[in-house]
Amino acid sequence: MLSYPRRGIAYGAYDDTDESLLNNERFIGVYPMAAPREGPPAERPNATRRMRHRRKKRRDRTEVSCCVKWIVFGQNVLFWIAGMVIFAVGIWAWTEKDTLNNLKRLTSVALDPAFLLIVTGLVTFVIGFTGCVGALRENTFLLATYAFLLGIILLGELTLGVLGFVFKDWLKGQAKDQLQAMISDYREDEDAQDLVDWIQSKWLQCCGITSPGDWNNNIYFNCSSKGSPEACGVPFSCCKPPKETSLVNLQCGYGVRRREEFADTIFSKGCVDAAQTWLDQNLVIVAAVAVGVAIVQVLGICFAQNLRADILAQKAKWNRYK
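Here is what the cut-offs are and how they apply
Residues numbered from 1 in each chain as written. Predicted model: local features only at pLDDT ≥ 70, side-chain atom pairs only at ≥ 80, totals over all residues. Heavy atoms only, no water. Axes fitted to C-alpha atoms, helices over the stretch in contact; angles between N-to-C directions. Helix = DSSP H or I, 4+ residues; strand = E, 2+ residues; numbered from the N terminus. Parallel < 35°, antiparallel > 145°, perpendicular 65-115°, else oblique. Left-handed = near helix turned anticlockwise from the far one by under 90°. Nonpolar A, V, L, I, M, F, W, Y, C, P; charged D, E, K, R; others polar. Core = buried A, V, L, I, M, F, W, Y, C linked by side-chain atoms within 4.5 Å. Buried < 20%, exposed > 50% of the residue type's maximum accessible area, 1.4 Å probe, protein only. Contact = heavy atoms within 4.5 Å. Expected span 1.5 Å × (residues − 1).

Put simply, helix α5 (residues 66–95) and helix α7 (residues 113–137) touch, their axes get as near as 6 Å, and they point 155 degrees apart. Compared by their axis directions, α5 and α7 come out roughly antiparallel. Of the two possible hands of crossing, α5 and α7 adopt the one that is left-handed. The residue inventory of the contact of α5 with α7, partitioned by class, reads 25 nonpolar, seven polar and one charged.

Residues W215, V234 and I266 are the most contacted members of the largest nonpolar core, which totals 23 residues. Looking at this core, the elements that each hand over two or more residues are α9 (168–184), α10 (190–203) and α11 (271–281). Not counting chain neighbours up to four residues away, the residues in contact with V234 comprise C207, P212, W215, F221, G253, V256, R257 and I266. Judged by nonpolar contacts, the second largest core, of seven residues, contains V68, A135, L307 and I311.

Under the 1.5 Å per step criterion, the end-to-end length of α10 is 18 Å for 14 residues, consistent within 8% with the ideal 20 Å. Every buried residue of α10 is listed here: A192, Q193, V196, D197, I199 and Q200. Where the residues of α10 are buried, they touch α9 and α11. At the exit of α10 stands Q205, carrying a positive phi of roughly 55 degrees.

Turning our eyes to something else, we now look at α5. Compared with an ideal rise of 1.5 Å per residue, which puts 30 residues at 44 Å, α5 spans 43 Å between its outermost C-alpha atoms and is within 8% of the ideal. Those residues of α5 that sit buried are V68, K69, V72, N76, G83, G90 and A93.

Remark: α7 packs on helix α8 (residues 140–166), axes separated minimally by 8 Å, with the N-to-C direction vectors making an angle of 145 degrees. In this structure, α7 crosses over α8, and the sense of that crossing is left-handed. Contact residues: V123, V126, I127, T130, G131, V133, G134 and A135 in α7; L142, L143, T145, Y146, L149, L150 and I153 in α8. In the contact of α7 with α8, the residues fall into 11 nonpolar, four polar and no charged.

To continue, consider unusual backbone geometry. Located in the positive-phi region is Q205, a residue other than glycine, with phi close to 55 degrees. Secondary-structure assignment places Q205 in the loop between α10 and α11. On the basis of relative accessible area, Q205 is assigned to the partly exposed category, the value being 44%. In the Ramachandran plot, C232 falls in the positive-phi region, its phi being about 60 degrees despite a non-glycine side chain. The topology assignment puts C232 in the loop between α10 and α11.

By themselves, these figures tell us nothing about what the structure is for.
Shown next as structure tokens:
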């Protein structure tokens, strides 16, 4: 029966460095020895070096966010199309008028609904174009222009809101002057006529600026006008809608201001006071809409700047590898 060597002999064989012991056949046959290493072990990268390598590899795999890109693109496609439609409608409404008469009315061109449609459509078209094409083509200049225009519009809206709150009396005076110009041109400008009728009948249900007597400033509704069937009257939009029928009587306001009591026939409240009352009653809704529009604009600016930063990062990486 074979017996294993004692512990001391085995460990002594490994610990002894004498070549005669290493070449002893007794130890070689029972305890084979591993060949000694020719050199020191290879040095492995430490944890910091591996972490830097992973971060560099992660940076190299970064790319433009498709989600942000298509959000900016899809949002501005709608604005682009809406801007084209509004601009086309404004041009069509402008061409339907007599051009010479429009040139004569340049002093009140800001009140022209067709002119307002043209300006609104043009601004919306430009903003939608820069955002849509900038996102689709990954053009940093167009994206920067898009964010800049949105920022200018947002700043203008905030400025108008603050000025309107601080200078209420001045704003009310300006509204009275503009309404007075629209009343004077009521029969001369069809667009102004439609706008005044919509304000008086559909929106505020009012008549005149401060009272129905303001229509005396129009030559057709002036009480001293001779030969005019509308003398000392008001437009049909000042009339209260009849309860028994839905038909509109276009002559309901003829000579109504000659009567001593006309509160049952027409609206007696002025449009400026009616607008103030409407704003007080719907202040929460107006504020919510304003905040919603501002949030959409801020998100548009953030998305555009984020997409632009991704594109610039990709360009910098490409230039580094050239």
